[in-house]
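Spelled out, the chains give:
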Amino acid sequence: MQYIGERLLPGQLGHLFVILSLVASLVAAIAYFKSTQSDLPEDKESWKRLARIAFSLDIISVFAIFFLLIFLIQSHYFEYFYVYKNSSTELEPKYILSCLWSASEGSFLLWTLWHAVLGGVLMFKGKEWEAPVMTVISFAQFCLATMLLGIYFFGKKVGASPFALFRQQMPELPLFASDDYVTKIKDGNGLNPLLQNYWMVIHPPVLFLGFASTIVPFAYGIAGLWTKKFGEVMKAALPWALFSAAVLGLGIMMGAAWAYESLTFGGYWAWDPVENASLVPWLVLVCGIHTLLAYRSTGHSLRATHLFFILQFILILYSTFLTRSGILGDSSVHSFADLGMNIQLLLFVLVFLIPALILFAGRYKQIPNIVKEESISSREFWLFVGSLVLFLSAVYIISFTSLPVFNNVTDKKSALGEDQEYTYNRVMVLVTSILGLLTAITQYLKYKNTNRDFILKKIGVPTVISLIISVLISIFGGIHYDKYGAGYLAAIHVALFAAVYSVVANAMYIWVGMKGDIKKAGASVAHFGFGLVLVGILISSSKKEVISFNTSGIAVPFGEDSKENSKENLTLVRGQELSMLNYKVNYRKDTFFTGDPKRYFEINFQDKEKGEEFNLYPNAFINYKGNTGLMANPDSKHYWNKDIFTYITSLPDPEKNKDTANFHDKTVKIGEKIFFASGYMTVDTVTSAYERTRINTKAADSVVALKISVIGKDSSNHLAQPLLVYTKGNSVSIPDTVLSQDLSVRLNAITTDGINIGVKESDSLLQYVTLKAYVFPMINILWIGIIVMVIGFLMSMWRRFKNV
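What you see is a predicted model; the values in this text were computed from it and never measured. (Residues numbered from 1 in each chain as written. Predicted model: local features only at pLDDT ≥ 70, side-chain atom pairs only at ≥ 80, totals over all residues. Heavy atoms only, no water.)

Engineer: Explain the overall build of the protein chain here, please?
Structural biologist: Scanning the protein chain for helices and strands turns up 20 helices and 23 strands. Burial analysis of the protein chain (804 residues in total) assigns 53% to the buried set. Counting only contacts in the protein chain whose residues sit at least 6 apart along the sequence, the fraction spanning at least 24 positions is 69%. For the protein chain, the centre of its 69 positive side-chain charges and the centre of its 61 negative side-chain charges are spaced 10 Å apart. (Helix = DSSP H or I, 4+ residues; strand = E, 2+ residues; numbered from the N terminus. Buried < 20%, exposed > 50% of the residue type's maximum accessible area, 1.4 Å probe, protein only. Contact = heavy atoms within 4.5 Å. Lys, Arg positive; Asp, Glu negative; His and termini not counted. Charge placed at Lys NZ, Arg CZ, Asp CG, Glu CD.)

Here it is in structure tokens:
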């Protein structure tokens, strides 16, 4: 069948550039390999020139694919399945990029784009390490290009193309029986409303730059093992490792900030499997950085450094397998749908893991190693201990994160238990204590050996100051995280001291130990920021307080599978003010925007003591397409020392709450009582004056208003003011509703017989929302700490790059 209106050229060009990228990256990998293996200088340069040409073609191809896909999305070419699935005509332009990387195909493209950029830099800055390092990167580009192929090879699907046509992906649809089906596709499926967030625009590029950059220290490690220049390669690897740690760490914590602003688990970290899968490689990378620093000063830990640099990249690939194979299922809110590429994703891990471990094992005895044990008072000893603690914590996290894989392989149903967070927190609070102490003390130690009197003299003052500060916080700061008993609370206090110790000791080391030379203090700045992160986590989590205790008397049932507790969720009826601890709260209105399925709820807060008033606008919608029920985004009021955090937990179902009741007309007189199910009402007066907000009658010729007193069974008093608006000879009745009484009254006419009104009673008139609210104290310490830590990494990176 010849289809009419299909715009095939952009897709054909996209396919062409995917194939060109595949071939060019493979040629580059082979040419760089030959250059590394060659003994003759002329051959080395000849192969290197060919490799550069090939990799340059790969760069051009990748950018062409990227801009072609943006063009398709921006042009709304819905005959392409990726465009149809992830975008719509009503989508705001600022979310075009979000559509591109919202699904697996786009995220693989973003990954390969960053590889192309990093490879382009290394082609010109790699110097003697260009060939072996670029061999690894070019081969990774080849593997990533296969992810975008979307072809079948011996009956097995290889990759998923973002340029596949809608009719090719779902040929069974009746739509495609028509040759002009393109004209019948009026709009796309649209971007998931939860992804229509500014974080979706900036978080994935940063995170994937972090993912992509981990291949550089891995490639340098492989280059050292390959060429047997084990130690020399590490000088060039260190600044790249620092860059990767900074960007990946920033990307992970941007995800935490996004979760805090957009998800409803009441925090920034929930030990979600996808969060863990990103965190673990970063932890192992930081292990490698610290053992590398020890090696450069003492010659110790080179073997461990090579191993850590290998594992951190392998764990990136493994996290890709976890998130994109569909194996995590419902255990993560971040996992992608199964694309039918599980074997390919597994091969992606194994094709790097197996050769790297074989090479490491084969070269293990040749890697320089100092037999003499480090002194327990030396800096390198405690650097290694800290790295070992980090590595063991990474192993612990990834082991529990991998339970779905274990269950899938063994056909078992192992689980973390009802309280998933405690499984991790009970161990990580101990890790926090150890790391806090080590980051505080280790920098005061000298390499090889440190005199005991020297170290006691140096750490005495920061130790005392930290002890005083942490005790004051514990006593007067209201640390009450006793959910898991006195033992866990005690561990929190110890961890708090260690975190404060890290902050104080690093600040004093910059001032005293380095004499204020901030240019050389990158490590101390990073550790200072890390200490702030720990302090922020411990205080905000241990003092997090629910303030939305149910005082409305309306208990919304959440069901057995829900984590919500009716006692901690306050139901607000529109227009009725309720108390929420130190605040008076009022659900005032809700707002819709064209093209946006979310409802934005205006919740007014008034501080009872200070008189301060502010509005929050949490939003929510019922997701019928995904059949996932209520989807909500929180909103927060930010102060320097706390956040007020709210999100919607329940809404009336509009499908089950349709108003099918009718108005019943009757003629009444002034002062006459009219009874209804929940009380009675009296018509007080007819007037032209009224007090109703959000009613605009400026264009009207005249307005007649009734003032009706409504008395409920509970003796509550309400005022209803139905209006009759006259404009150009026509009259329009505007009813008024008393929500708490499920009552609506309208004014039909005023005649000589009396006042004709309509009365309607319906429980569908009740407008309400149920919300949960927290106070997060000192949450800004966490965000400041992240920024400072990243700055410290970048300072160290810049200093090391200048010395390469």
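Here the narrative resumes, following the displayed structure.
Engineer: Would you explain the side chain of Thr 571 in this entry?
Structural biologist: Checked against the element boundaries, Thr 571 lands in strand β4 (residues 570–573). A polar atom in the side chain of Thr 571 sits 2.9 Å from the side chain of Thr 770. If we ignore the near neighbours within four places in the chain, the residues touching Thr 571 are Asn 550, Ser 552, Ile 554, Val 556, Leu 578, Tyr 768, Val 769 and Thr 770. (Polar contact = N/O pair within 3.5 Å; in protein donor to acceptor, adjacent residues only side chain to side chain.)

Engineer: I'm lost on unusual backbone geometry in this one. Help?
Structural biologist: Comment: phi is negative for the bulk of residues other than glycine, and the bulk of peptide bonds are trans. Located in the positive-phi region is Trp 271, a residue other than glycine, with phi close to 55 degrees. Mapped onto the secondary structure, Trp 271 falls in the loop between α10 (232–262) and α11 (273–298). Despite not being glycine, Lys 448 shows a phi value in the positive range, around 80 degrees. The residue Lys 448 is located in the loop between α16 (420–441) and α17 (452–476) in this model.

Engineer: How do you make sense of a positive patch on the surface when you look at a structure like this?
Structural biologist: A cluster of like positive charges, contributed by Lys 125, Lys 127, Lys 235 and Arg 296, occupies part of the molecular surface. As for its position among the elements, Lys 235 is in helix α10. Exposure remark for Lys 235: the relative accessible area of 39% places this residue in the partly exposed category. (Patch = residues over 30% accessible without salt bridge, like charges linked within 9 Å, V, L, I, M, F, W, Y side chains within 5 Å. Areas by Shrake-Rupley, 256 points an atom, 1.4 Å probe, with all protein chains shown as cover. Salt bridge = Lys/Arg side-chain N within 4 Å of Asp/Glu carboxyl O.)

Engineer: I keep staring at helix α8 (residues 198–213) and nothing clicks. Help me out?
Structural biologist: Turn by turn, an α-helix covers 3.6 residues, leaving residues three or four places apart pointing in a common direction. A rise of 1.5 Å per residue sets the reference length of α8, with its 16 residues, at 22 Å; its end C-alpha atoms lie 24 Å apart and thus fit the reference within 8%. For α8, the buried fraction is high: 12 of the 16 residues fall into the buried class. By the burial criterion, the buried members of α8 are Trp 199, Met 200, His 203, Pro 204, Pro 205, Leu 207, Phe 208, Leu 209, Gly 210, Phe 211, Ala 212 and Ser 213. Those residues of α8 that are buried lie in contact with α4 (96–100), α5 (104–125), α9 (215–227), α10, α11 and α12 (302–324). Its side-chain oxygen placed 2.7 Å from the backbone nitrogen of Trp 199, Asn 197 serves as the N-cap of α8. (Expected span 1.5 Å × (residues − 1).)

Engineer: What is the right way to read the environment of Asn 586 from this model?
Structural biologist: Structurally, the position occupied by Asn 586 is in strand β6 (residues 583–593). Dropping the residues within four chain positions of it, Asn 586 is found in contact with Gly 575, Gln 576, Glu 577, Glu 602, Ile 603 and Asn 604.

Engineer: Is there a simple way to explain the packing of α9 against helix α13 (residues 342–363) in this structure?
Structural biologist: Axis angle and axis distance: for two packed helices, these are the angle between their axes and the distance between the axes, and together they describe the pair. At a minimum axis distance of 10 Å, the contact between α9 and α13 shows a crossing angle of 40 degrees. When the interaxial angle is binned, α9 and α13 end up oblique. The two elements α9 and α13 cross, and the hand of that crossing is left-handed. Here α9 contributes Phe 218, Ile 222, Leu 225 and Trp 226 to the contact with α13, which in turn contributes Phe 352, Ala 356, Leu 359, Phe 360 and Arg 363. When its residues are assigned to classes, the contact of α9 with α13 shows eight nonpolar, no polar and one charged. (Axes fitted to C-alpha atoms, helices over the stretch in contact; angles between N-to-C directions. Parallel < 35°, antiparallel > 145°, perpendicular 65-115°, else oblique. Left-handed = near helix turned anticlockwise from the far one by under 90°. Nonpolar A, V, L, I, M, F, W, Y, C, P; charged D, E, K, R; others polar.)

Engineer: Explanation requested: the sheet that holds strand β22 (residues 754–761) in the structure shown.
Structural biologist: Strands in a sheet are paired, the pairing made by backbone hydrogen bonds, and the direction either parallel or antiparallel. Pairing is antiparallel across the open sheet formed by four strands, whose spatial order is β13-β22-β21-β20. The open sheet terminates on both sides in strands that have one partner only, identified here as β13 (664–668) and β20 (736–738). The sheet shows a mean angle of 30 degrees between the axes of neighbouring strands, direction not considered. Here strand β21 (residues 743–751) runs beside β22; their pairing, made up of eight bridges, is antiparallel. The partner of Ala 749 across the bridge, within β22, is Asn 756. (Pairing = 2+ DSSP bridges.)

Engineer: Is there a simple way to think about the pattern of salt bridges in this case?
Structural biologist: The final tally for this structure, using the stated rule, is 13 salt bridges. Here Glu 45 ties to Lys 48 by a salt bridge, and the two come within 3.8 Å at their closest N and O atoms. Of this pair, Glu 45 and Lys 48 both sit in helix α2 (residues 41–74), three residues apart, which is roughly one turn of that helix. For Lys 48, a relative accessible area of 12% translates into the label buried. The residue Asp 180 makes a salt bridge to Lys 184 at a minimum N-O spacing of 3.9 Å. By relative accessible area, which is 47% here, Lys 184 ends up partly exposed. Look at the salt bridges and you will find they share partners, linking Arg 588, Lys 589, Glu 602 and Glu 613 into a network.

Engineer: Whenever I open this one, helix α19 (residues 522–542) confuses me. Can you help?
Structural biologist: The end-to-end C-alpha distance of α19, which contains 21 residues, comes to 30 Å, matching closely the 30 Å that a straight helix rising 1.5 Å per residue would cover. With respect to burial, α19 is a largely interior element, 17 of its 21 residues being buried.

Engineer: When you look at the nonpolar core in this model, what are you seeing that I'm missing?
Structural biologist: Soluble globular proteins tend to bury their nonpolar side chains together. Ranked by size, the top nonpolar core spans 181 residues in total, and within it Trp 111, Phe 218, Tyr 220, Trp 282, Phe 352 and Phe 793 carry the most contacts. Ranked by the residues each element gives to this core, the list is headed by α10, at 20 residues. If you look at the next biggest cluster of nonpolar residues, it comprises 22 residues, including Leu 570, Phe 601, Ala 620 and Ala 773. (Core = buried A, V, L, I, M, F, W, Y, C linked by side-chain atoms within 4.5 Å.)

Engineer: I would appreciate a short explanation of the packing of aromatic side chains in the present structure.
Structural biologist: On inspection of all chains with the given rule, the structure shows 46 aromatic pairs. Centre to centre, the rings of Phe 208 and Phe 211 are 5.3 Å apart; their planes meet at 80 degrees, and the pair counts as edge-to-face. In this pair, Phe 208 and Phe 211 are both assigned in helix α8, three residues apart and thus about one turn of the helix distant. Across this residue pair, the class does not change: Phe 208 and Phe 211 are buried. For the ring pair Tyr 774 and Phe 776, a centre distance of 5.9 Å and an interplane angle of 45 degrees mean the geometry is tilted. Aromatic rings pair up to connect Phe 108, Trp 111, Phe 139, Phe 142, Phe 218, Phe 313, Phe 348 and Phe 352 into one cluster. Positioned above the aromatic ring of Trp 129, the side-chain terminus of Lys 229 is 5.9 Å from the ring centre. (Phe/Tyr/Trp six-rings, centres within 6.5 Å; stacked < 30°, edge-to-face > 60°. Lys NZ or Arg CZ within 6 Å of the ring centre and 35° of its normal.)

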